Structure formats: structure tokens, C-alpha cells
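# Structure assessment
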Amino acid sequence: MSVLRDLLDPIPLPQMVRIRQRFDDSKIEDPAGTLAKLLQSQPNAMERIKPGQQVAIAVGSRGVANIADFTRVTVEAVKAAGAHPFIVPCMGSHGGATAEGQREVLHHLGVTEEAAGAPIRSSMEVVKLDELPNGLPVYCDKLASEADAIIVINRVKPHTAFRGEIESGIMKMISIGLGKQKGAEACHQLGFKYMAENVPKMARIMIEKLPIVFGIALVENAYDQTCRIEVLPAEEVEEREKELLKEAKARLPKILFDQIDVLVIDYIGKNISGDGMDPNITGRYPTPYAHGGPDVTKMVVLDLTPETKGNANGVGTADFTTQRLVDKTDLAATYANGLTSTVCAPTKIATTLENDYYAIKAAVKTCNILDYSKCRLVRIKDTLHLGEIEISVNLLEEARRHPDIEILSEPADMQFDGEGNLFK
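As the structure is a computational prediction, the values presented were derived from the model and not from experiment.

## Quick word on the nonpolar core
- Membership of the largest hydrophobic core comes to 47 residues, with the highest contact counts inside it found for Ile150 and Leu178.
- No other element matches the 6 residues that helix H9 (residues 195-209) contributes to this core.
- In this structure, Leu178 is in contact with Ala58, Cys90, Tyr139, Cys140, Asp141, Ala144, Ile150, Met173, Met206 and Leu210, ignoring residues within four places of it in sequence.

## Points about the pairing of strand S9 (residues 259-268)
- The buried fraction of S9 is high, at 8 of 10 residues.
- For S9 and strand S10 (residues 295-304), the ladder comprises 8 bridges, and the chain directions are parallel. By the bridge assignment for S10, Val264 is matched with Val300.
- Bridge analysis of S9 against strand S13 (residues 377-380) gives 4 bridges, and the strand direction is parallel. Within S13, the position partnered with Ile265 by the bridge is Ile380.

## Thoughts on the layout of surface pockets
- A volume near 380 Å³ is recorded for the largest pocket.
- Lining the largest pocket are 23 residues; nearest its centre among them are Leu252, Pro253, Lys254, Ile255 and Asn280.
- Secondary structure elements with two or more residues in the lining of the largest pocket: helix H10 (237-251) and helix H11 (279-282).
- With 3 residues, the single largest contributor to the lining of the largest pocket is H10.
- Split by residue class, the lining of the largest pocket holds 11 nonpolar, 5 polar and 7 charged.

## Structural notes on a nonpolar patch on the surface
- Side chains of Met1, Val3, Leu4 and Leu7 sit close together on the surface and give an oily, nonpolar patch of about 370 Å² of accessible area.
- Judged by its relative accessible area of 35%, Leu4 is partly exposed.

## Things to note about the packing of aromatic side chains
- The tally for this structure, following the rule as stated, stands at 4 aromatic pairs.
- Pairing Tyr357 with Tyr358 gives two aromatic rings, centres 5.0 Å apart and planes at 80 degrees, and the pair type is edge-to-face.
- Seen in terms of ring centroids, Tyr357 and Phe416 are 5.2 Å apart; in terms of plane orientation they differ by 90 degrees. Their pairing is edge-to-face. Here Phe416 lies in the segment after strand S15 (405-407) and Tyr357 lies in helix H14 (residues 356-365), a separation of 59 residues in the sequence.
- Under the relative-accessibility criterion, Tyr357 is labelled partly exposed at 24%.
- Counting every residue linked through ring pairs, the aromatic cluster contains Tyr357, Tyr358 and Phe416.
- It is Arg121 that lies over the ring of Phe86; its NZ or CZ is 4.2 Å from the centre.

## Thoughts on the environment of Glu241
- Examined against the element boundaries, Glu241 turns out to sit in helix H10.
- Glu241 has contacts with Val156, Ile166, Ser168, Gly169, Ile170 and Met171, leaving out every residue within four places of it along the chain.

## Looking at empty space enclosed by the protein
- A full pass over the atoms with the stated rule returns 4 cavities of 30 Å³ or more.
- Estimates place the volume of the largest cavity at around 540 Å³.
- Mapped by element, the contributors of at least two residues to the lining of the largest cavity are strand S6 (149-155), helix H7 (170-177), helix H8 (180-188) and helix H13 (331-341).
- Broken down by element, the residue count for the lining of the largest cavity peaks at 4 residues, all from H7.
- In the lining of the largest cavity, the residues fall into 12 nonpolar, 18 polar and 6 charged.
- The volume enclosed by the second largest cavity comes to roughly 200 Å³.
- Along its surface, the second largest cavity is lined by 17 residues, and Arg155, Lys157, Leu252, Pro253 and Leu384 are the ones closest to its centre.
- Class assignment of the residues belonging to the lining of the second largest cavity gives a composition of 9 nonpolar, 2 polar and 6 charged.

## What to know about the pattern of salt bridges
- Following the criterion strictly, the structure yields 36 salt bridges and no others.
- With its nearest N and O atoms 3.2 Å apart, the salt bridge here joins Glu388 to Arg18. Taken as a pair, Glu388 in strand S14 (residues 388-392) and Arg18 in strand S1 (residues 16-21) lie far apart in primary sequence, 370 residues in all.
- Since its relative accessible area comes to 35%, Glu388 is described here as partly exposed.
- Note on Arg18: relative accessible area 31%, which makes it partly exposed.
- Here Arg324 makes a salt bridge to Asp356, at a shortest N to O gap of 3.0 Å. Of this pair, Arg324 sits in helix H12 (residues 323-328) while Asp356 is found in helix H14, placing the two residues 32 residues apart along the sequence. Note on accessibility: Arg324 and Asp356 belong to one class, buried.
- Each of Arg18, Arg20, Arg22, Asp266, Arg379, Glu388, Glu390 and Glu406 takes part in a single network of salt bridges with overlapping partners.

## Looking at H13
- Of the positions making up H13, those classed as buried are Ala333, Thr334, Ala336, Asn337, Gly338, Thr340 and Ser341.
- Taking the backbone nitrogen of Ala332 as reference, a side-chain oxygen 3.1 Å away marks Asp330 as the first, capping residue of H13.
- Thr342, located one to two residues past H13, shows a positive phi value of around 70 degrees.

## Some points on unusual backbone geometry
- A positive phi is found at Asn66, a non-glycine position, where the angle reads about 65 degrees.
- Locating Asn66 in the fold gives a position in the loop between strand S2 (54-59) and helix H3 (67-80).
- With a phi close to 60 degrees, Lys180 is a non-glycine residue in the positive phi region.
- Looking at where Lys180 falls in the secondary structure, it is placed in helix H8.
- We classify Lys180 as buried; its relative accessible area is 0%.

Cut-offs used in this document
- Residues numbered from 1 in each chain as written.
- Predicted model: local features only at pLDDT ≥ 70, side-chain atom pairs only at ≥ 80, totals over all residues.
- Heavy atoms only, no water.
- Core = buried A, V, L, I, M, F, W, Y, C linked by side-chain atoms within 4.5 Å.
- Buried < 20%, exposed > 50% of the residue type's maximum accessible area, 1.4 Å probe, protein only.
- Helix = DSSP H or I, 4+ residues; strand = E, 2+ residues; numbered from the N terminus.
- Contact = heavy atoms within 4.5 Å.
- Pairing = 2+ DSSP bridges.
- 1 Å grid on protein atoms, 1.4 Å probe; cavity = no way out; pocket = protein on both sides within 12 Å on 5 of 7 lines; lining within 4 Å.
- Points joined across faces, edges and corners; volume = space filled by probe spheres on them.
- Nonpolar A, V, L, I, M, F, W, Y, C, P; charged D, E, K, R; others polar.
- Patch = residues over 30% accessible without salt bridge, like charges linked within 9 Å, V, L, I, M, F, W, Y side chains within 5 Å.
- Areas by Shrake-Rupley, 256 points an atom, 1.4 Å probe, with all protein chains shown as cover.
- Salt bridge = Lys/Arg side-chain N within 4 Å of Asp/Glu carboxyl O.
- Phe/Tyr/Trp six-rings, centres within 6.5 Å; stacked < 30°, edge-to-face > 60°.
- Lys NZ or Arg CZ within 6 Å of the ring centre and 35° of its normal.
- Polar contact = N/O pair within 3.5 Å; in protein donor to acceptor, adjacent residues only side chain to side chain.

Next comes the structure, spelled out in C-alpha cells:
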């Protein structure tokens, strides 16, 4: 480490300024109450649930706003119909591709048996439903397949690795999430080049062969708040999801600077994005089949969220990381993600420095500018929270000219603790 310190100690770190980025903040004031009313008023929804039925409610692993409340409200509506709800983890290979791991993921999201009022039945056992014409098998969680009815809850948003009319949402939740590890593996087997075709094809078969009655589709604003809730009968999911995706893309938050020398991200994790950090925000994609976002020369990730349970998928997309993050990494869970998705570059370990101080200095040193003191550096907590971020003083004039940016602080040095890590 002494050699690295000798190389990096002379590198200057810029002073930072806190700013507020303004986006459309329209939201639903009472999301849980709104869903409860929709479940009672939407035709072809709760009327399809019959007394005495076993009803599987599919809940995923993403950091969906209000997911615990939405799950509870759905459980209550099913009970009010005289049926018997149970919760199925609907998350492909996440949670280390184990039944207990997936139960723990739900727990970290606030979806527990006590909070939801229904049992969680977690299993990795699947049944094969059919095959696509290209030979890919179509699988479904065995417990869900044995239910009398299935309800799927998910947020609609742009995918991180491919583009299409259908990306992340109810259809992907069905084809990959409900397919568990085997289904996720099958859908990814031919690569992301064909995901825009295979996701809806698999979901169509599953909707046809399974008792999926409706989906609860959610759209969030740029502040990770619910701004749209729709209860979609199974036969309407595909067409309506195309329109919801357009809205979700328009509402996606972003960093309001096109070119960044160094991007520092405090936390990555599976609860933030399937890629640990959303490439739509960072501009760093794990495949060539998606695009957009800022031009970032060097990127640093500092730590893992507690909710990710050691899954560091996405760290390989960064240029630098910290020993702290590496020490927290569960390699088995991380590698399982790459082996299932077939995209293994994000599961590699980025160049690792002893702490935040040296990781950030390494990024500045290698960001390909002549004068390090002119570094255009941006620091964010994670890719879900972009309302308030920090920028270096070299971006200050540009920020002052932007109509959607408010300057919140005076320039100040980065503050590190005794271990060389940033105060968060």
C-alpha cells in the first residue's frame, strides 16, 4: 500500500458543493389507500378471486416504494374476498438463489408475514410449462403454479441492459421473477440481444397457462415516490405496460451534467437496481444493447447496502472500489447473479483501494485531464436518490446556469473520518 499512497497522496481532491436537482415531484399522497380503492373498483380484478381459493401474491426484490404497504393491502383485499392469500418471492436468482435468501430479501424490504398478514412460501422448485419456438424452456415457481389465482406486483421502469417496448415491469416479473433461478437462467441464456423478444414471449405463455388474474403496475417519479398505480387484468398487461414504460422513462431521474470526470457512488445493491446501480443514471451499461446517461470517465463505488446481503453485482462496472466493499462481498451470491444472467463483467471486482480517500484519488488521477484541480466530480448516495447530490466547484458555474438546479451550500473540503472514509 505504501507504493500506492506515494502515487496518490499528491493528487488533489476538489472542494464540493451540495445542490438540489429539481424534477417533476407529482405523486400519489395515499398510495396504500389508492390501491385499496382501485382493487375494489377495477373491473376484472377482485371479482376474479373466488371464496376459498389459494391466491399467490408475487412480490419482487427491488426497492419499490411502498411495497410493504401494497403487499398488505393486496392481502387484505384477497381475504375480504373470502380467499386465502400467500406471498411468493418473485425474484429469479436473487437472494443467493436460495429459498431462505429470497425470504430474507423480502424481510429487508419490510415484507414479512407479520406486516403483510399472510404466510411467505419460498421455494426454488419450479415446473416446466412449455418451450419457446427457439427451444428456451419456460418455468414457473411450483408453489405459485399450484395456486388457484396469481397476482403480480411490480414497478414499470426502463431496463438496465436492453431496450424494447417491454422492459422491466409486470411481464418481466412473470417471465424471470416467477420463473425463479431456472426461469431467469433460461430467459438470459441467449443473451440480452434477444431479451426484448424473449421476455414477452415467455410471459405470454405463462399468462396463458397459469391462473394469473391481474397485475398491479406501479410507476415512480424521480424521487422514488409512487406516482401511478394501475390494476391490470392479465389480458391487458402487455399493451398497457408499453404505455406505462414511456411514462416511466420520462420520469426517470438523472444527473443534470452531460460530462463527468469522476462519479462517486456511496452505495450499490440489489435493492437499488438489478445492476447494483442503475446504468440509466450512470451511463455505464453491462451490455451494448442499452444506452443513455452521462459521459463518465471514471467511476468509484464505496460500499454495499445492508439489504443487498453481500451481493455486489455491478461493482465490476466501476473502475475503483474500496476494501470495505470487497470485505462485505458474498462472492457466491454475486457470481450466481452473473452465471444466471450470463453477463459476468459486472461481477468482477474493480481495482480496490484501502479506503474512500484513496479510491477517489485514484479516480481523479486516472480521469485523463491535464490539471487535476479542474476535476468535474459528482457524488451521489445511490442511483435512486438524485434530489440532493454533491458536485465539485468546477461544475458550480454550470450548475448556476441550470434552471432545475439550486445551490444549497458553500464550497467545502471532503470530510473523511480517521479510517479515511467519507462521512455519510
